[in-house]
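Chain by chain, the residues run as shown.
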Amino acid sequence: MLQPPAAHHDLAEENHHAHHQHANQTKARANSEAHVSFLLGDSNADGVVNAGDALQTRNRSGQATDANNFRSDLNADGVVNSGDTLIVRSRSGTALP
Ligand SMILES: [Ca+2]
Ligand SMILES: [Ca+2]
């Protein structure tokens, strides 16, 4: 996907005026974003969201969230149920870059 030319212009302007401290903050923010970019809906942690995750989440339906099944509690309400299965299904087909 091509970036709009305006975005390049804005970035160049920002870099032109940026101090080193600002650059470091930008870098730190980018790192933290990468750190939290786990794949929502990837219940079995294989890097893609697909029917396997929906199946696993459905099989865990009714369980209270614990250390073993927290990846299936997509909406983080403390229990794995049909609401989480719906989220997995809506995310099906997505994968880590
Ligand atoms: Ca998966
Ligand atoms: Ca849930």
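Bear in mind that the values here come from a model prediction, so they are computed numbers and not experimental data. (Residues numbered from 1 in each chain as written. Chains lettered and ligands numbered in written order. Predicted model: local features only at pLDDT ≥ 70, side-chain atom pairs only at ≥ 80, totals over all residues.)

**Q** Explain the overall build of the protein chain here, please?
**A** Each helix and strand counted, the protein chain has four helices and zero strands in total. Taking all 97 residues of the protein chain together, the buried fraction comes to 18%. The long-range share in the protein chain, meaning contacts at least 24 apart out of those at least 6 apart in sequence, stands at 44%. (Helix = DSSP H or I, 4+ residues; strand = E, 2+ residues; numbered from the N terminus. Buried ≥ 20, exposed ≤ 12 C-beta atoms within 10 Å, placed from the backbone. Contact = placed C-beta atoms within 7 Å.)

**Q** Got a minute to help me understand the nonpolar core in this structure?
**A** Nonpolar side chains tend to gather and get buried jointly when the protein is soluble and globular. Counting five residues, the largest nonpolar core consists of Val49, Ala54, Leu74, Ile87 and Val88. Every residue in contact with valine 49, bar those within four places of it in the chain, is listed here: Leu39, Gly41, Asp42, Val88, Arg91, Ser92, Gly93 and Thr94. (Core = buried A, V, L, I, M, F, W, Y, C linked by C-beta atoms within 7 Å.)

**Q** Help me out: how do you make sense of the environment of threonine 65 in this one?
**A** Relative to the helices and strands, threonine 65 resides in the loop between α3 (51-59) and α4 (82-91). Sequence separation between threonine 65 and valine 79 is 14 residues, and the spatial gap between their C-alpha atoms is 5.0 Å. Dropping the residues within four chain positions of it, threonine 65 is found in contact with Phe70, Asp73, Gly78, Val79 and Val80.

**Q** Any chance you could explain the confidence of the model for the protein chain here in plain terms?
**A** When pLDDT is low, close inspection of the predicted coordinates is not appropriate. In the predicted model, the protein chain carries a mean pLDDT of 81, and the fraction of residues at 70 or more is 62%. When mean pLDDT is compared element by element in the protein chain, α3 scores highest at 97, while helix α2 (residues 20-35) scores lowest at 57. (pLDDT = per-residue confidence, 0-100.)

**Q** When you look at the packing of α3 against α4 in this model, what are you seeing that I'm missing?
**A** Two packed helices can be described by the angle between their axes and the distance between those axes. Viewed as axis vectors pointing N to C, α3 and α4 meet at an angle of 180°, and their least axial separation amounts to 9 Å. As far as their axial angle goes, α4 and α3 are roughly antiparallel. Residues Asp53, Ala54, Thr57 and Arg58 of α3 form the contact with α4, whose participating residues are Asp84, Thr85, Val88 and Arg89. Broken down by class, the residue content of the contact of α3 with α4 amounts to two nonpolar, two polar and four charged. (Axes fitted to C-alpha atoms, helices over the stretch in contact; angles between N-to-C directions. Parallel < 35°, antiparallel > 145°, perpendicular 65-115°, else oblique. Nonpolar A, V, L, I, M, F, W, Y, C, P; charged D, E, K, R; others polar.)

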